[in-house]
Amino acid sequence: QVQLVESGGGLVQAGGSLRLSCAASGGTFSSYGMGWFRQAPGKEREFVAAISRSGGRLYYADSVKGRFTISRDNAKKTVYLQMNSLKPEDTAEYYCAADLTYRGLRVGTVPTQYDYWGQGTQVTVSS
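Residues numbered from 1 in each chain as written. Predicted model: local features only at pLDDT ≥ 70, side-chain atom pairs only at ≥ 80, totals over all residues. Heavy atoms only, no water.

S.K.: Break down the overall build of the protein chain for me, citing the residues and quoting the values.
M.R.: Of regular secondary structure, the protein chain possesses 0 helices and 11 strands. Along its sequence from the N terminus, the protein chain presents helices and strands in the succession β-β-β-β-β-β-β-β-β-β-β. Expected size for 127 residues packed as a compact globule is a radius of gyration near 14 Å; at 13 Å, the protein chain falls within 12% of this value. Long-range pairs, those at least 24 residues apart, make up 59% of the contacts in the protein chain between residues at least 6 apart in sequence. Here the protein chain has roughly 6,400 Å² of accessible surface; of this, 48% comes from carbon and sulfur atoms. (Helix = DSSP H or I, 4+ residues; strand = E, 2+ residues; numbered from the N terminus. Rg over C-alpha atoms; globule rule 2.2 N^0.38 Å. Contact = heavy atoms within 4.5 Å. Areas by Shrake-Rupley, 256 points an atom, 1.4 Å probe, with all protein chains shown as cover.)

If you want it as structure tokens, here you go:
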């Protein structure tokens, strides 16, 4: 069983930055692909970013490319999402998730590919 706990959300003005963290416990963190998703009220959960087990493969949604950076520290069992140049449309509940399936050079980009989820952390960007 894998437990994921997000932190770092909050209220920020447009153009500002936040860093989200997701701490994992249980299982073997270095054997999971990790992803960040977000969900705004009334909308479906959408992919934000993903990172492979070793951290060597990164993938971003077009809407955040160049502004967000995903990283991981396997020794600390933590994955991060650095969010810069935030926009009001980035407002959402942000979730981290663990993908237990080995995908080679690929990373998961859809929610159904992920096996465990955190409880979410709210990010609100004011204009």
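S.K.: So what about the nonpolar core? Which residues, and what values?
M.R.: By size, the foremost hydrophobic cluster in this structure holds 36 residues, and its most contacted members are Met34, Trp36, Leu81, Met83 and Tyr94. Looking at this core, the elements that each hand over two or more residues are β3 (18–25), β4 (33–39), β5 (46–51), β7 (68–73), β8 (78–83), β9 (92–99) and β11 (121–126). Setting aside residues no more than four positions away along its own chain, Leu81 makes contact with Leu18, Arg19, Leu20, Trp36, Val48, Ala49, Phe68, Thr69, Ile70 and Tyr94. (Core = buried A, V, L, I, M, F, W, Y, C linked by side-chain atoms within 4.5 Å. Buried < 20%, exposed > 50% of the residue type's maximum accessible area, 1.4 Å probe, protein only.)

S.K.: Give a description of the sheet that holds β7 that names residues and reports values.
M.R.: Reading across the sheet, the 4 strands line up as β1-β3-β8-β7 and stay open at both edges, with antiparallel pairing between neighbours. Taken across any chain shown, the strands that pair with only one partner, and hence form the sheet edges, are β1 (3–7) and β7. When strand polarity is set aside, the average angle formed by the axes of neighbouring strands in this sheet is 15°. One ladder, built from 5 bridges, connects β1 with β3; its direction is antiparallel. Directly across from Leu4, in β3, lies its bridge partner Ala24. (Pairing = 2+ DSSP bridges. Axes fitted to C-alpha atoms, helices over the stretch in contact; angles between N-to-C directions.)

S.K.: Which residues make up the packing of aromatic side chains, and what values do they have?
M.R.: Each aromatic ring pair is specified by the distance between its two centres and by the angle formed by the two planes. A full pass over the atoms with the stated rule returns 5 aromatic pairs. Feature note: the residues Phe37, Phe47, Tyr59, Tyr114 and Trp117 constitute an aromatic cluster, connected by ring pairs. When the ring centre of Tyr95 is taken as origin, the NZ or CZ atom of Arg45, which lies over that ring, is 3.8 Å away. Over the ring of Phe29 we find Arg72, and its NZ or CZ is 4.4 Å from the ring centre. (Phe/Tyr/Trp six-rings, centres within 6.5 Å; stacked < 30°, edge-to-face > 60°. Lys NZ or Arg CZ within 6 Å of the ring centre and 35° of its normal.)

S.K.: Describe the environment of Gly104, and please don't skip the residues or the numbers.
M.R.: With respect to the helices and strands, Gly104 occurs in the loop between β9 and β10 (116–117). The class of Gly104 is partly exposed, set by a relative accessible area of 34%. Sequence separation between Gly104 and Ser52 is 52 residues, and the spatial gap between their C-alpha atoms is 8.6 Å.

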